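# Geometric and topological summary
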There are 2 protein chains.
Amino acid sequence: MTTQQLHEQILQKKSFLCVGLDPDLDKIPPHLLETEDPVFEFNKAIIDATHDLTVAYKPNTAFFEAYGIKGWISLQKTISYINEKFPDVFTIADAKRGDIGNTSSMYAKAFFEDLQFDSVTVAPYMGKDSVEPFLAFENKHTIILALTSNEGAFDFQTLTINGGQGRAEQSEAKELYKQVLETSKTWKNSENLMYVVGATKAEYFTEIRKIVPDSFLLVPGIGAQGGSLSEVCKYGMNDKVGLLVNSARAIIYASNGTDFAEKAREEALKVQQEMESILSSKA
Amino acid sequence: MTTQQLHEQILQKKSFLCVGLDPDLDKIPPHLLETEDPVFEFNKAIIDATHDLTVAYKPNTAFFEAYGIKGWISLQKTISYINEKFPDVFTIADAKRGDIGNTSSMYAKAFFEDLQFDSVTVAPYMGKDSVEPFLAFENKHTIILALTSNEGAFDFQTLTINGGQGRAEQSEAKELYKQVLETSKTWKNSENLMYVVGATKAEYFTEIRKIVPDSFLLVPGIGAQGGSLSEVCKYGMNDKVGLLVNSARAIIYASNGTDFAEKAREEALKVQQEMESILSSKA
């Protein structure tokens, strides 16, 4: 999928919601546990109930890998279901991968070719040759961690870097996540980059937009993690919207009764309506 | 496995070799492609041929995920085979994972409980709460990326950080990888930490040993990537050896004929003999 197609979908659905699929057998409705593949049945019901309100789904690979081979089968069934039934929806493998070049090539094959995701999240610590193999895939997108939504984001991402032995240009002191943004722009096929920026730090969006004005930002931290949608939009939105705001737990675990899909739709609808209102006020 | 048991195995086998299992269908011997599970058959033959010369195996998860469900089955069969047949060997899931707390918990379950690895590699970018869920497992080990062996290591890992808004103590300017080492030592259950340090940068080991004198270091970059074993040992070895030196391609792809396992053993034996000589000169 191209970013142009993604933008068109946003305008059509009046939504830039991404629903995170984090299927936890300890949290999903007990009646599903009797089915042959509870994880897939759960995802399928959530997808069927929300696909017109959301422009993206983001399966979190950890929640599949934890169930071994069965989990990987559930992941494959989930992505195939989305791709066959709702091919207009953008798909994100939230996998946080990244390794030396020949290994990153194998991860790219896994997510872009075997599973047919539109995008994958990647950690930047290992630098250019760990990310470029992902960028080589046309109309596939690589979403680099810049500033994450968790507490630990302040351990390293916001440290100030200041000259020294790094290869990157460093004309002035800046925080690590800003250097990640700047350096990544110099990589081959960088037009295929998007960035993870946590919603819990809305005031940072102004600075981030100075560096990557046109890129899509995947924004976790709305909902269970406490971020404010209106704040994020105020500082983070660009003229192509440029945001995919993720919500997982607040939507998919809105109920753990037999009405879970209906309740998930209600929660997704609330977010979509807030997004519609923001989009129309910006138009 | 405890680090004490790992040390005992090193003394017994006179080796601190780790064999990286990166099974690539384009590189493994063609005659194996006719078997039902070529990836597992390849790994099994390499393991059978080298287990007395190596103290650790390191399957690289990318090379399994690239083959989808079949690949995940091959991974499970490989780790089960090692655990059943050679339970004294240390196992490393080279997975480079790391995410917010509840997600890292799921990854820890995947690798420590479902697959029963002794250890997993983790990227540090997301900080404390992305790593501590792994550290909570007793007698399991979390191997954090500090200074990797690839070119991109110089993009961010060696940038000098200098005061600023990070939470970590910063009494003096230092490179990011050193801050990762220092900060990680303050995390809960940090005694379960090991670190990835690339062999291509042997001169850095002196500095690293000042920060983590007692930790095991997993050292990639020997062999195909060009690092020198004697240099690594000169600067990186501690009184409990404290090194696991990985070699993958140079051993597992020593031949792609029907003699591949025999040739792999020959290459592993060369490295083991060099290690034995280094160990006896240090004793």
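Right above here is the structure, for reference.
The rules behind these values
Residues numbered from 1 in each chain as written. Chains lettered and ligands numbered in written order. Predicted model: local features only at pLDDT ≥ 70, side-chain atom pairs only at ≥ 80, totals over all residues. Heavy atoms only, no water. Helix = DSSP H or I, 4+ residues; strand = E, 2+ residues; numbered from the N terminus. Rg over C-alpha atoms; globule rule 2.2 N^0.38 Å. Buried < 20%, exposed > 50% of the residue type's maximum accessible area, 1.4 Å probe, protein only. Contact = heavy atoms within 4.5 Å. Areas by Shrake-Rupley, 256 points an atom, 1.4 Å probe, with all protein chains shown as cover. Lys, Arg positive; Asp, Glu negative; His and termini not counted. Charge placed at Lys NZ, Arg CZ, Asp CG, Glu CD. Salt bridge = Lys/Arg side-chain N within 4 Å of Asp/Glu carboxyl O. Right-handed = clockwise from strand over helix to strand, strands pointing away. Pairing = 2+ DSSP bridges. Least-squares fit on C-alpha atoms with pLDDT ≥ 70 in both. Phe/Tyr/Trp six-rings, centres within 6.5 Å; stacked < 30°, edge-to-face > 60°. 1 Å grid on protein atoms, 1.4 Å probe; cavity = no way out; pocket = protein on both sides within 12 Å on 5 of 7 lines; lining within 4 Å. Points joined across faces, edges and corners; volume = space filled by probe spheres on them. Nonpolar A, V, L, I, M, F, W, Y, C, P; charged D, E, K, R; others polar. Axes fitted to C-alpha atoms, helices over the stretch in contact; angles between N-to-C directions. Buried area = accessible area lost by both parts, 1.4 Å probe. Polar contact = N/O pair within 3.5 Å; in protein donor to acceptor, adjacent residues only side chain to side chain. Parallel < 35°, antiparallel > 145°, perpendicular 65-115°, else oblique. Left-handed = near helix turned anticlockwise from the far one by under 90°.

With that out of the way, let us pick up the overall build of chain A. The secondary structure content of chain A amounts to twelve helices and ten strands. Computed over C-alpha atoms, the radius of gyration of chain A comes to 18 Å, within 12% of the 19 Å expected from 2.2 N^0.38 for 283 residues, which places it in the range of a compact globule. Taking the principal axes of the C-alpha coordinates as reference, chain A spans close to 60 × 45 × 35 Å. Across the 283 residues that make up chain A, the buried fraction comes to 63%. Taking as baseline every contact in chain A between residues at least 6 positions apart, the subset at least 24 positions apart corresponds to 72%. Summed over its atoms, the accessible surface of chain A is roughly 10100 Å², and 47% of this surface lies on carbon and sulfur atoms. For chain A, the distance from the average position of its 28 positive side-chain charges to the average position of its 39 negative side-chain charges is 3 Å.

Tallied over the full model, the rule gives 32 salt bridges over all chains. Where Glu 65 of chain B meets Arg 97 of chain A, a salt bridge forms, and the shortest distance between an N and an O atom there is 2.9 Å. With Glu 65 of chain B in helix H3 (residues 62-65) and Arg 97 of chain A in strand E3 (residues 90-97), the pair connects residues from two separate chains. Each member of the pair Glu 65 of chain B and Arg 97 of chain A is classed as buried. The partner of Glu 207 of chain A in a salt bridge is Lys 178 of chain A, with the nearest N and O atoms 3.1 Å apart. Pair noted here: Glu 207 of chain A is in helix H9 (residues 205-211) and Lys 178 of chain A is in helix H8 (residues 176-184), with a separation of 29 residues, a long-range link. The exposure class of Lys 178 of chain A is buried, given its relative accessible area of 14%.

Next up on the list: the pairing of strand E5 (residues 141-147) of chain B. Residues and elements named next belong to chain B. Across the seven residues that make up E5, a large majority, seven, are buried. Crossover connection from strand E4 (residues 119-122) via helix H6 (residues 128-135) to parallel E5: handedness right-handed. Across five bridges, the pairing between E5 and strand E8 (residues 193-197) is parallel. Paired with Ile 144 across the bridge in E8 is Tyr 195.

This next bit is on the relation of the copies chain A and chain B. Aligned on chain B, chain A shows an RMSD of 0.0 Å; the corresponding rotation is 180° and the shift along the axis is 0.0 Å. The symmetry that links the two subunits is that of a two-fold axis. Nearest to the rotation axis, the C-alpha of Ile 161 of chain A is located 2.0 Å from it, this being the minimum over chain A. The overlap is high: 100% of the interface residues of chain A also sit at the interface in chain B, so the same surface is used on both sides.

What follows concerns the packing of aromatic side chains. Tallying each qualifying case throughout the model produces 19 aromatic pairs over all chains. Residues Phe 42 of chain A and Phe 260 of chain A carry aromatic rings whose centres are separated by 5.4 Å and whose planes lie at 20° to one another, so their mutual orientation is stacked. With Phe 42 of chain A in helix H2 (residues 38-50) and Phe 260 of chain A in helix H12 (residues 260-282), this residue pair connects regions lying 218 residues apart in the sequence. Between Phe 40 of chain B and Tyr 81 of chain B, the ring centres sit 5.9 Å apart and the planes meet at 80°, which makes this aromatic pair edge-to-face. Taken as a pair, Phe 40 of chain B in helix H2 (residues 38-50) and Tyr 81 of chain B in helix H4 (residues 68-85) lie far apart in primary sequence, 41 residues in all.

This paragraph deals with the layout of surface pockets. All names here are of chain A. The calculated volume of the largest pocket comes to roughly 330 Å³. Along the walls of the largest pocket sit 17 residues, with Glu 191, Leu 193, Asp 214, Ser 215 and Phe 216 positioned nearest its centre. Counting residues per element, the ones that place at least two in the lining of the largest pocket are helix H1 (3-13) and strand E8 (193-197). Residues of the lining of the largest pocket, tallied by class, amount to six nonpolar, six polar and five charged.

Residue and element names in this part refer to chain A. Here we have eight strands rolled up into a closed barrel, ordered E1-E2-E3-E4-E5-E8-E9-E10, and parallel in their pairing. Going from strand to strand, the sheet's axes swing by 30° on average, the running direction of each strand aside. Most of the contacts of helix H6 (residues 128-135) go to strand E5 (residues 141-147), to which it runs at about 145°, and overall it touches E3, strand E4 (119-122), E5 and E8.

Facing the 69 residues of chain A at the interface are 69 residues of chain B. Between chain A and chain B, roughly 5900 Å² of surface is buried when both sides are summed, and carbon and sulfur atoms account for 58% of that area. Linking chain A to chain B there are 25 residue pairs in polar contact (both at pLDDT 80 or more). No other element matches helix H5 (residues 101-114) of chain A, which puts eight residues into the side of chain A that touches chain B.

For the rest of this paragraph, the subject is unusual backbone geometry. The phi dihedral of Lys 14 of chain A is positive, around 50°, even though this residue is not glycine. Residue class for Lys 14 of chain A comes out partly exposed when judged on its relative accessible area of 39%. Positive phi outside glycine occurs at Lys 96 of chain B, with the angle close to 50°. By relative accessible area, Lys 96 of chain B is classed as buried at 6%.

Here we take up the packing of helix H5 (residues 101-114) of chain B against H6 of chain B. Residue and element names in this part refer to chain B. In the contact formed by H5 and H6, the axes pass within 8 Å of each other and the chain directions differ by 30°. With respect to each other, H5 and H6 are oriented roughly parallel. Crossing of H5 against H6: the hand is right-handed. For the pair formed by H5 and H6, the contact residues are Gly 101, Ser 104, Ser 105, Tyr 107, Ala 108 and Phe 112 on the first element and Asp 129, Ser 130, Pro 133 and Phe 134 on the second. A class-by-class count of the residues in the contact of H5 with H6 yields five nonpolar, four polar and one charged.

To continue, consider H8 of chain A. Within H8 of chain A, eight of the nine residues are buried, leaving the element largely enclosed by the surrounding structure. Within H8 of chain A, burial applies to Leu 176, Tyr 177, Lys 178, Gln 179, Val 180, Leu 181, Thr 183 and Ser 184 of chain A.

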